[in-house]
Amino acid sequence: LDANFNIPSKDTRNEWDTFCALRDKYFDFKDREQQTQFKADNPLLQKYMPDSDSERFWRAYYALDPQGRKLLRDVPELKGINVYLDKGTRDIVSEKGIAGIAGATELFAARLMESPAYQGWLQGTQQFGGEAIYDLQNEYLDIPQDDKARRAKFLVDNKQLKAFWDWKDGYLKLNPALAAA
């Protein structure tokens, strides 16, 4: 503040105007991951927009790969997470509930990330392209089940998907805690 007039100084006004422009751009992103990355790259957003419990939840949730997210969704004590993930029921979760879900998700993600079995899982999936293998798997699963010829051709054209499934089955047999999902 300007000491003489108790109004924002020119520097503060410029910083605030910059923040407002960044904030508007932040909300233009419809994807939470893009919002999170944009906020991480802009210190003014971090300064003037402290993390909400909702942001804490999404950051912890997306820190996990699809297998980790599936494990999280299947933890019986954390069923509120599934209510929050469902856009149709998300609005019924109270602020206190979101805070609890965020804290539990952060704790689960931290513990899972520290486990040697999950670290091995993450390293193993990298040989198949990391999360890209899940996109390929989703392409396959989008082919109707009764279109066996098209599914077979897809597997012939994408041998790494079958190799991933073989590796995944073997790894999960050796690490049954990860296979719970």
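As the structure is a prediction and not an experimental result, all values here were calculated from the model.

Asks: Give a detailed account of the overall build of the protein chain, specifying residues and quantitative values.
Replies: What the protein chain contains, in helices and strands, is eleven helices and zero strands. Its helices and strands in sequence order give the protein chain the pattern α-α-α-α-α-α-α-α-α-α-α, from N to C terminus. Against the 2.2 N^0.38 benchmark of 16 Å for 181 residues, the protein chain shows a C-alpha radius of gyration of 22 Å, more extended than a compact globule. Its C-alpha atoms give the protein chain principal-axis dimensions of about 75 × 35 × 35 Å. At a minimum sequence separation of 6, the contacts of the protein chain that also span at least 24 residues come to 59%. Carbon and sulfur atoms make up 54% of the accessible area of the protein chain, which amounts to about 11500 Å² in all.

Asks: Go over the side chain of Arg90, please, and point to the residues and values.
Replies: Tracing the chain through its elements places Arg90 in the loop between helix H6 (80–85) and helix H7 (95–114). Here Arg90 is buried and forms no salt bridge, its nearest opposite-charge partner Asp91 lying at an N-O distance of 6.6 Å. Of note is the side chain of Arg90, whose polar atom sits 3.1 Å from the backbone oxygen of Leu85. Sequence-distant contacts of Arg90, defined by excluding residues within four places in its chain, comprise Arg32, Trp58, Val83, Tyr84 and Leu85.

Asks: Outline the pattern of salt bridges, listing residues and values.
Replies: All told, the structure shown has eight salt bridges when counted by the stated rule. The partner of Asp53 in a salt bridge is Arg56, with the nearest N and O atoms 2.5 Å apart. Taken as a pair, Asp53 and Arg56 lie in helix H4 (residues 53–63) at a separation of three residues, close to a single helical turn. Among the charged side chains, a network of salt bridges with common partners joins Asp53, Arg56 and Glu106.

Asks: Give me the lowdown on the side chain of Gln137, citing residues and values where you can.
Replies: Checked against the element boundaries, Gln137 lands in helix H9 (residues 132–142). One polar contact links Gln137 to Trp165, side chain to side chain, over a distance of 2.7 Å.

Asks: For helix H8 (residues 116–126), give the residues involved together with the corresponding values.
Replies: For H8, every residue scored as buried is listed here: Tyr118, Gly120, Trp121, Gly124 and Thr125. Relative to the axis of H8, the buried residues are bounded by an arc of 155° and lie together on one face. When the buried face of H8 is taken as reference, the exposed residues oriented beyond 90 degrees from it are Pro116, Gln123 and Gln126. Contacts from the buried residues of H8 go to helix H5 (66–73), H7, H9 and helix H11 (159–174).

Asks: An account of the packing of aromatic side chains is requested, with residue identities and associated values reported.
Replies: Counted under the stated rule, the structure contains 19 aromatic pairs. Arranged with centres 5.2 Å apart and planes meeting at 55°, the rings of Phe29 and Phe38 form a pair that is tilted. Owing to a relative accessible area of 13%, Phe38 belongs among the buried residues under this scheme. Taking the centre distance of 5.5 Å and the plane angle of 70° together, the rings of Phe128 and Phe164 count as edge-to-face. In this pair, Phe128 sits in the loop between H8 and H9 while Phe164 sits in helix H11, placing the two residues 36 residues apart along the sequence. You'll find Phe128 and Phe164 in the same group, each marked buried. Counting every residue linked through ring pairs, the aromatic cluster contains Trp121, Phe128, Tyr134, Phe164, Trp167 and Tyr171.

About the cut-offs
- Residues numbered from 1 in each chain as written.
- Predicted model: local features only at pLDDT ≥ 70, side-chain atom pairs only at ≥ 80, totals over all residues.
- Heavy atoms only, no water.
- Helix = DSSP H or I, 4+ residues; strand = E, 2+ residues; numbered from the N terminus.
- Rg over C-alpha atoms; globule rule 2.2 N^0.38 Å.
- Contact = heavy atoms within 4.5 Å.
- Areas by Shrake-Rupley, 256 points an atom, 1.4 Å probe, with all protein chains shown as cover.
- Buried < 20%, exposed > 50% of the residue type's maximum accessible area, 1.4 Å probe, protein only.
- Lys, Arg positive; Asp, Glu negative; His and termini not counted.
- Salt bridge = Lys/Arg side-chain N within 4 Å of Asp/Glu carboxyl O.
- Polar contact = N/O pair within 3.5 Å; in protein donor to acceptor, adjacent residues only side chain to side chain.
- Arc of directions from axis to C-beta.
- Phe/Tyr/Trp six-rings, centres within 6.5 Å; stacked < 30°, edge-to-face > 60°.

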